[in-house]
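Chain and residue survey
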Amino acid sequence: MSRVVLVTGCTTGGIGHALAQEFAHQGCIVYATSRRVETIADLGNPKIHKLTLDVTSDENIQSVIQEILTKEGRLDVVVNNAGVICPGPLIDSSSDDVRKTFETNTFAILRVAKAVVPEMAKRRQGLIINIGSIVGQIATPWNGIYCASKAAVDSISQVLSMECRPLGIKVFHVAPAAIKSNIADTGANNFSLAPNSLYKSFLANIMDRIYSSQGPHSMPAEVFARQVVAKALQENPPLYLCLGGQSLLLTILTWLPRRLVMGIIWRRYSKKL
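Residues numbered from 1 in each chain as written. Predicted model: local features only at pLDDT ≥ 70, side-chain atom pairs only at ≥ 80, totals over all residues. Heavy atoms only, no water.

The condition is simple: UniProt positions are given in the numbering used here, feature names are shortened, and annotations may be inferred rather than shown by experiment.
The protein chain is annotated in an unreviewed UniProt entry as Ketoreductase domain-containing protein of Leucocoprinus leucothites. Checking UniProt for the protein chain, the heading Sequence similarities (unreviewed entry) contains the comment "Belongs to the short-chain dehydrogenases/reductases (SDR) family."

So this is what it looks like as structure tokens:
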């Protein structure tokens, strides 16, 4: 029986778009969603269905989940991928931007869990995949709100995994490193440094940070998707996977003394360009 998969944040050019295509390629029935469904290009596979889903809306999440359950009778895999970045110095971030970032990256995972866990628990099976980020463990300057939101996702995944275990539900946390996607262009287009910012001399470094995941060592989203989906469809998916360009280096940094790591990261993103 084909597994039924819901993927959030499937805008063309992003990780979610590649994940939806790969799940369908592996024979799954996929519901690819986005806040604006017109941002999802034709995926060219009859197994993929496009739906509008605003992950910041409890009502919209509930209605989409119920629509899928009505059509398919079950929901086997949920991929919480929808996310936004929030570039710039911490103290320059507006309350609205902070709230939007956490609503999309963090609180949305709790909303989706509240909607899908009771349904999965009825069948005592299901998989929740949370797309976090390596910066949830190795924070960087100039994107601190995003780092904080992904650090919270890491903790949520760990606790959700423990609390879902007696219900027969598995949780798989994926921490992307450098992955080719449209997230940097989207972030850059929505960013402007405040005229009175104390960090005007660091503007080039801020822009460098925005595009740091899109360099020559970045992993193509399609390669990332193939590896994630292969792990997800195993009988026992891993609890955690860090994947992407420079993932080994960044993983090594998590084992080093924090003061040393912060010094390395600061030098990387404060040097003269």
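Moving on, there is more to tell.
Points about the sheet that holds strand E4 (residues 77-80)
The following threshold applies: A pair of strands is considered paired only if DSSP assigns at least 2 bridges between the two. Secondary structure elements follow DSSP: runs of H or I of four or more residues count as helices, runs of E of two or more count as strands, with numbering from the N terminus. Angles here are taken between N-to-C directions and fall from 0 to 180 degrees, while the axes themselves are lines fitted to C-alpha atoms, restricted in helices to the stretch in contact. Throughout, a contact is declared for two residues whenever any of their heavy atoms are within 4.5 Å.
Strand order in the open sheet made by the seven strands is E3-E2-E1-E4-E5-E6-E7, with parallel pairing throughout. The open sheet has two edge strands, strand E3 (48-52) and strand E7 (240-243), and neither has a second partner. Direction aside, neighbouring strands of the sheet carry axes that sit 20° apart on average. Packed on one face of the sheet, helix H4 (residues 144-164) meets strand E5 (127-131) and strand E6 (170-176) and runs near 160° to E6. Lying on the sheet, helix H7 (residues 221-232) is in contact with E5, E6 and E7; it crosses E6 at an angle near 160°.

Let's talk about a nonpolar patch on the surface
Using the following cut-off: Two distance rules govern patches: like charges are joined within 9 Å, and nonpolar side chains (Val, Leu, Ile, Met, Phe, Trp, Tyr) within 5 Å, applied only to residues with over 30% relative accessible area and no salt bridge. Each accessible area is a Shrake-Rupley result for a 1.4 Å probe, and residues are judged covered by the shown protein chains and nothing else. Between Lys or Arg on one side and Asp or Glu on the other, a salt bridge is scored when a side-chain nitrogen of the former is within 4 Å of a carboxyl oxygen of the latter.
A surface patch of nonpolar side chains, amounting to about 420 Å² of accessible area, comprises Leu248, Ile252, Leu256, Leu260 and Ile264. At the level of secondary structure, the elements contributing two or more residues to the nonpolar patch comprise helix H8 (247-253) and helix H9 (258-268). Inspection of the secondary structure puts leucine 248 in helix H8.

Concerning the UniProt feature "domain: Ketoreductase" (unreviewed entry) in the protein chain
Here the UniProt feature "domain: Ketoreductase" (unreviewed entry) sits at residues 3-177. The span residues 3-177 shows a helical share of 43% and a strand share of 18%, and its end C-alpha atoms are spaced 27 Å apart.

Looking at empty space enclosed by the protein
To be explicit about the condition: Cavities and pockets were defined on a 1 Å grid built from protein atoms only: a cavity is a group of points that admits a 1.4 Å probe but offers it no way out, a pocket is an open group of points flanked by protein on both sides within 12 Å along at least five of seven lines, and a lining residue is one with an atom within 4 Å of any such point. Grid points are joined across faces, edges and corners, and a volume is the space filled by probe spheres set on the points. Basically, the charged four are Asp, Glu, Lys and Arg, the nonpolar ten are Ala, Val, Leu, Ile, Met, Phe, Trp, Tyr, Cys and Pro, and anything else, Gly included, counts as polar.
Going through the model one piece at a time under the given rule, you end up with one cavity of 30 Å³ or more. When its volume is computed, the largest cavity comes out at roughly 40 Å³. Taken together, Thr8, Val55, Asn80, Asn81, Ala82, Thr104, Ala108, Ile109 and Val112 make up the full set of residues lining the largest cavity. When the residues that make up the lining of the largest cavity are grouped by side-chain class, the tally is five nonpolar, four polar and no charged.

Brief notes about the packing of aromatic side chains
The line we're drawing: Stacked, edge-to-face and tilted labels apply to pairs of Phe, Tyr and Trp rings (six-membered ring for Trp) whose centres lie within 6.5 Å, assigned for plane angles under 30 degrees, over 60, and everything in between, in that order. The cut-offs for exposure are 20% and 50% of the maximum accessible area for each residue type, with area from a 1.4 Å probe on protein chains only; residues under the lower value are buried, those over the upper are exposed, and the others partly exposed. In this scheme, the term charge over a ring applies when either NZ of a lysine or CZ of an arginine sits within 6 Å of the ring centre and within 35 degrees of the ring normal.
Taken as a whole and judged by the stated rule, the model has six aromatic pairs. Judged by centre distance (6.1 Å) and plane angle (40°), the rings of phenylalanine 102 and phenylalanine 107 are tilted. On the basis of relative accessibility, which here comes to 18%, the residue phenylalanine 102 falls in the buried class. Given the relative accessible area of 36%, phenylalanine 107 is considered partly exposed. Ring geometry for phenylalanine 202 versus tryptophan 266: centroids 5.8 Å apart, planes at 50°, classification tilted. Note that phenylalanine 202 is positioned in the loop between helix H5 (183-189) and helix H6 (203-210) and tryptophan 266 in helix H9, a separation of 64 residues in sequence. Every member of this aromatic cluster is reached through a ring pair, and the members are Trp142, Tyr199, Phe202 and Trp266. When the ring centre of tyrosine 269 is taken as reference, the NZ or CZ atom of arginine 209 above it lies at 5.8 Å.

Digging into the layout of surface pockets
Roughly 270 Å³ of internal volume is contained in the second largest pocket. As for the second largest pocket, its lining consists of 15 residues, and the residues nearest its centre are Arg3, Asp76, Gln125, Gly126 and Leu127. Of the residues assigned to the lining of the second largest pocket, the class counts are five nonpolar, four polar and six charged.

Concerning the packing of helix H3 (residues 95-123) against H4
Our working rule: The labels follow the angle: roughly parallel below 35 degrees, roughly antiparallel above 145, roughly perpendicular from 65 to 115, and oblique for the rest. By definition, any crossing whose near helix is turned counterclockwise from its far helix by less than a right angle is left-handed, and any crossing with a clockwise turn is right-handed.
At a minimum axis distance of 8 Å, the contact between H3 and H4 shows a crossing angle of 15°. Comparing their axes, H4 and H3 come out roughly parallel. Considering the relative orientation of H3 and H4, their crossing is right-handed. Contacts from Val98, Thr101, Phe102, Asn105, Thr106, Ile109, Leu110, Ala113 and Val117 in H3 reach Ile145, Tyr146, Ala148, Ser149, Lys150, Ala152, Val153, Ile156, Leu160 and Cys164 in H4. In terms of residue class, the contact of H3 with H4 is made up of 14 nonpolar, four polar and one charged.

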